[in-house]
Structures are given as C-alpha cells and as structure tokens.
Amino acid sequence: MAKGDTSIKVSEQTRERLTLLAAEQHMTVRELVGNLAAMMPTDEEIAERVRRTRAALAEHFGVEVGPAELAAGARLREEIARRAIAAA
C-alpha cells in the first residue's frame, strides 16, 4: 500500500459487488469507493444546505419554512424512496 492508504474490511459479498460496480463504471474499486464517499453528504453538510435553502426561500420569495414544512418534506422524501425501492 502507498503511504496514506488504508484498508477496510467488508464481507465477501460486498467486495464482489463493489468489484462488479467498479468494472461496470470502468474504474477501480478504490475510485468507486472514493466517489461513493464523496457523493454522500454528512449530517453537517445536509444541515448547512437546509439552512442556505431556507435563507434563500425567505430572501427571494418571502417564504418561511418552519418545522412543520420540514417534517412534511421528510415524509414525502421517505415515501418517494419507498416507492422507488418497491418498483425496483
């Protein structure tokens, strides 16, 4: 391993899936895992996006998004995700 590299332990099934996904994308497993990690926002990043979006909605459209609207949005996203999984 090169300096700064590390390894992770995953099940054989997960390793095989990562290998297949990487091959389909014409990249290495290392690149695939890096891309996946880069794509997934942290809780802090999501909170910052929410803050910026709420500020923009208030500034440009006069819309104040409160806890009730945030909860309704979360429920809608969960329902969309459930339907997508069921359709797969």
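Please refer to the structure higher up on the page.
J.: Any details on the overall build of the protein chain? Residues and values, ideally.
T.: Per the secondary structure count, the protein chain includes 4 helices and 0 strands. The N-to-C order of helical and strand elements in the protein chain reads α-α-α-α. Compactness check: the protein chain gives a C-alpha radius of gyration of 19 Å against a globular reference of 12 Å for 88 residues, more than 25% above the reference. Overall size of the protein chain, expressed as C-alpha extent along the three principal axes, is 55 × 40 × 25 Å. A buried classification covers 6% of the 88 residues belonging to the protein chain. Surface accessibility of the protein chain: about 7,900 Å² in total, with carbon and sulfur atoms responsible for 59%. Measuring between centres, the 13 positive side-chain charges of the protein chain sit 2 Å from its 14 negative side-chain charges.

J.: Mind laying out a nonpolar patch on the surface, listing which residues take part and the relevant values?
T.: Together, Ile8, Val10, Val29 and Val33 make up a nonpolar patch on the protein surface, roughly 290 Å² of accessible area in all. Relative to the elements of secondary structure, Val10 occurs in the segment before helix 1 (12–24). Note on Val10: relative accessible area 40%, which makes it partly exposed.

What counts, and where the lines are drawn
Just so you know, the residues in each chain are numbered from 1, in the order the chain's sequence is written. Where local features are concerned, this predicted model is filtered to residues with pLDDT of at least 70; where side-chain atom pairs are given and counted, the filter is 80 or more; whole-chain, interface and lining totals use all residues. Computation of side-chain values covers all heavy atoms of the structure but excludes hydrogens and water. We count a stretch as a helix when DSSP gives it H or I for four or more residues in a row; a strand needs E for two or more, and each element gets its number in order from the N terminus. In this description the radius of gyration comes from C-alpha coordinates, and the expected globular size is given by 2.2 Å times residues to the power 0.38. Any residue under 20% of the maximum accessible area for its type is buried, any over 50% is exposed, and the rest in between are partly exposed; the area is computed with a 1.4 Å probe on protein chains only. In short, Shrake-Rupley with a 1.4 Å probe defines the accessible areas, and a residue's cover is counted only from the protein chains shown. A residue counts as positive if it is Lys or Arg and as negative if it is Asp or Glu; His and the chain ends are not included. The atom standing in for a charge is NZ when the residue is Lys, CZ when it is Arg, CG when it is Asp and CD when it is Glu. The patch calculation keeps residues exceeding 30% relative accessible area without a salt bridge and links them within 9 Å when they carry like charges or within 5 Å when they are nonpolar (Val, Leu, Ile, Met, Phe, Trp, Tyr). Think of a salt bridge as a Lys or Arg side-chain nitrogen and an Asp or Glu carboxyl oxygen that are within 4 Å of each other.

Everything listed is a geometric property; what it means functionally is a separate question.
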